[in-house]
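Structure assessment
Each chain, written out:
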Amino acid sequence: MLDLFHIKYGKVIMAGMSLVSLFIDVTWIPTTLTGLGGTISVVLDLPFSLCIWISAAVVIYTLMGGLYSVAYTDVIQLVLVFTGLSICVPFVLTNPHTLDISQTLMNNTLNAPWIGQPEMKRIWIMIDDLLYFALGGLGYQAFHQRTLSASSTASAKISCFAAAFVILIFGIPPVLIGAAAASTDWNQTTYGSPSPYKRGEGSLTLPIALQHLTPTFISIIGIGCIAAAVMSSADSALLSASSVFTNNIYKNILRPKASNQDCQWVVRASVVVVGVVGTSLTMVKKSVLIFWFLCNEVSYIIVFPELICVLYFNISNCYGALMGVLVGLALKMLNGDSSLGLEPILHFPGCTLEDGVYVQCAPVKTISMLSTIAAILLFSYLASVLFNKGVLPEKWDVFKVKAQHSPVPLSPVGGAIEEEENEEMNRNVSQPMKNTTY
């Protein structure tokens, strides 16, 4: 993914996007390990920090096998996650202290209805979150590593479309376990009253349900499934971070003449360093979760629009890319963020005050994303016109826009890309990553 920025924009923009991608991956690791550590500490009553470091060691060991080992273990882990949690579901649903989830679907019984009732005023928030989760992942380097490592373009497309449907099926067991937890009389279990949600332990509902609503041997199977899911996510983040640092920062910027052997050692070292840093961040769990959600928004508001423009709009250039980042970040700050303690300065229609906190009911993340795209195209076009028409002197053109493009209408690239540039991009970007030696 980042090679596209290097080809079109040069090293400066590519370096900035690489740092953003690296930061996203580093903050991804502790959140996944925190989930596993919390599960093991709840079910097996082991120290949280010990579980975290053991998990990190296993993930790093898996990664030493390279991309092939990660790809194979990902497939096995996904199968284990679905199969294992599916085995746990009947035991949770048939627990004598759990009511029929169809009766608690919309009724107030032991707890509030587990499906909830969406309010019309929050419909735009739901649409915003849907687009945020659906499109924000396209800005992750780990996703593009998987697609570029496919044997052909057709297999990459099939994998993406298949994953879109399979993820809906994989979400069924966790939903059923959560529904059962919301339908359980916890006062009759070994956990006691009140419920996990009322104790502020809603994020630990899955391990708590496995521990108190299933036999011991079934809860161990559930832990194995969660461990598989965590390792699948963590090794993807580690591989992504190490490859970004090695290929886009070390080899392209720090040591352009580095040999393949040097790069192999840098990959191994960066895996260990990123793993240790990410694992150390688990000690500040709340802060890490906030940073992770923030980085997801950065991926959706900054990386995704930049990727769209570099792929489909020939007019985009470095000036537009920089202004897009500034506009996107500025809107993010002006829209406010309750997790960061930022009150909104821009009050979109529907912004209300709830419990002393302003809540934006407008799709602010999607508005920021679309504004970033508009800023990239607008300022790219203006820069191209100003330099090519001679309005601004050529010596001010630090990114050499005049040599790259002439002003053209703001339309997606079809056959407008020069044949030489198109061939160069295909040679550099379309080569499957699995053929690399590290």
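Before reading further, recall that the structure is shown in the block above.
First, a word on what this report is: a plain description of the structure on this page. (Residues numbered from 1 in each chain as written. Predicted model: local features only at pLDDT ≥ 70, side-chain atom pairs only at ≥ 80, totals over all residues. Heavy atoms only, no water.)

Remarks on the packing of helix H13 (residues 318-334) against helix H14 (residues 364-388)
Each pair of packed helices can be described by the angle between their axes along with the distance between the axes. Basically, it comes down to this: An axis is simply a line fitted to the C-alpha atoms; with a helix, the fit covers only the stretch in contact. Between two such axes, the angle follows the N-to-C directions and lies from 0 to 180 degrees. Starting at the N terminus, helices and strands are each numbered in turn, a helix being any DSSP run of H or I of at least four residues and a strand any DSSP run of E of at least two. Left-handed describes a crossing whose near helix is turned anticlockwise from the far helix by less than a right angle; the clockwise case is right-handed. Contacts are assigned to residue pairs that have any heavy atoms within 4.5 Å of one another.
Where H13 meets H14, the axes come as close as 7 Å, and the angle between the chain directions of the two elements is 150°. Our pair here, H13 against H14, has a crossing hand that is right-handed. Between H13 and H14, the contacting residues are Tyr319, Gly320, Ala321, Met323, Gly324, Val327, Gly328, Leu331 and Lys332 on the first element and Ser368, Ser371, Thr372, Ala375, Ile376, Phe379, Ser380, Ala383 and Phe387 on the second.

As for the packing of aromatic side chains
The condition that has to hold: Only rings of Phe, Tyr and Trp enter the pairing, Trp through its six-membered ring, and a pair is recorded when the two centres are within 6.5 Å. The plane angle decides the type: under 30 degrees is stacked, over 60 is edge-to-face, the rest tilted. Remark: a charge is flagged as sitting over a ring if the NZ atom of Lys or the CZ atom of Arg is within 6 Å of the ring centre and within 35 degrees of the ring normal.
Going through the model one piece at a time under the given rule, you end up with 10 aromatic pairs. An aromatic cluster of three or more residues is present, and its members are Tyr132, Phe133, Tyr300 and Phe304. Across from the ring centre of Trp265, 5.2 Å away, lies the NZ or CZ of Arg268, which sits over that ring. Above the plane of the ring of Tyr132 lies Lys365, whose end atom (NZ or CZ) is 5.2 Å from the centre.

Some points on the environment of Phe82
Relative to the assigned elements, Phe82 resides in helix H4 (residues 67-93). When the C-alpha positions of Phe82 and Cys225 are compared, they lie 7.7 Å apart, and in sequence the two are 143 residues distant. When sequence neighbours within four positions are dropped, the list of residues in contact with Phe82 reads Ile169, Phe170 and Pro173.

Description of the pattern of salt bridges
Note the cut-off: When a carboxyl oxygen of Asp or Glu lies within 4 Å of a side-chain nitrogen of Lys or Arg, that pair is called a salt bridge. Accessible area is worked out with a 1.4 Å probe on protein chains only. A residue is then buried under 20% of its type maximum, exposed over 50%, and partly exposed in between.
Applying the stated criterion across every chain, the model contains four salt bridges. The partner of Asp128 in a salt bridge is Lys365, and the shortest N-O contact between them spans 3.5 Å. Taken as a pair, Asp128 in helix H5 (residues 123-136) and Lys365 in helix H14 lie far apart in primary sequence, 237 residues in all. Assigned by exposure class, Asp128 and Lys365 land together as buried. Glu297 is the salt-bridge partner of Lys332, the closest N and O atoms lying 2.4 Å from each other. Taken together, the residues Lys332 in helix H13 and Glu297 in helix H12 (residues 285-312) connect sequence positions 35 residues apart.

Describing the nonpolar core
Operational definition: By nonpolar core is meant a set of buried Ala, Val, Leu, Ile, Met, Phe, Trp, Tyr and Cys residues that side-chain atoms within 4.5 Å join together.
Trp28, Ile29, Leu36, Ile226, Val230 and Val274 are the most contacted members of the largest nonpolar core, which totals 22 residues. Broken down by element, the residue count for this core peaks at nine residues, all from helix H10 (residues 216-254). In this structure, Tyr9, Met17, Tyr319 and Ala383 belong to the second largest nonpolar core, which totals 19 residues.

Regarding the environment of Ala142
As for its placement among the helices and strands, Ala142 is situated in helix H6 (residues 141-148). The exposure class assigned to Ala142 is buried, which follows from its relative accessible area of 6%. Considered as a pair, Ala142 and Asp235 are 93 residues apart in the sequence and their alpha carbons are 9.7 Å apart. Every residue in contact with Ala142, bar those within four places of it in the chain, is listed here: Trp28, Ser236 and Ser240.

A word on unusual backbone geometry
Note the cis peptide between Ser193 and Pro194, where omega equals 0°. Topologically, Pro194 is positioned in the loop between helix H8 (172-182) and helix H9 (205-213).

Overview of the side chain of Gln141
Considering the arrangement of structural elements, one finds Gln141 in helix H6. Of the residues examined, Gln141 reaches a relative accessible area of 7% and is grouped as buried. Setting aside chain neighbours within four positions, we find Gln141 in contact with Met1, Leu2, Ser21, Ser240 and Val244.

Notes on the packing of helix H7 (residues 153-170) against H8
As a reminder, the rule being used: The scheme is simple: roughly parallel for angles under 35 degrees, roughly antiparallel for over 145, roughly perpendicular for 65 to 115, oblique for anything else. In the scheme used here, Gly and all other residues not listed as nonpolar or charged are polar, with Ala, Val, Leu, Ile, Met, Phe, Trp, Tyr, Cys and Pro taken as nonpolar and Asp, Glu, Lys and Arg as charged.
Closest axis-to-axis distance for the H7/H8 pair is 5 Å, and the angle between their directions is 25°. By the angle class used here, H7 and H8 are roughly parallel. Packed against H7, whose contacting residues are Leu168, Ile169 and Phe170, the element H8 presents Ile172, Pro173 and Pro174 at the interface. When the residues that make up the contact of H7 with H8 are grouped by side-chain class, the tally is six nonpolar, no polar and no charged.

Considerations on a nonpolar patch on the surface
Stated formally: The residues that make up patches have over 30% relative accessible area and no salt bridge, and they are joined within 9 Å when like-charged or within 5 Å when they are Val, Leu, Ile, Met, Phe, Trp or Tyr. To measure how exposed things are, a 1.4 Å probe is used in the Shrake-Rupley method; for residues, cover is taken only from the protein chains shown.
Taken together, the side chains of Met120, Ile123, Trp124, Met126, Ile127 and Leu131 make up a nonpolar region of the molecular surface, amounting to roughly 580 Å² of accessible area. Within the element layout of this structure, Met120 appears in the loop between H4 and H5. On the basis of relative accessibility, which here comes to 68%, the residue Met120 falls in the exposed class.

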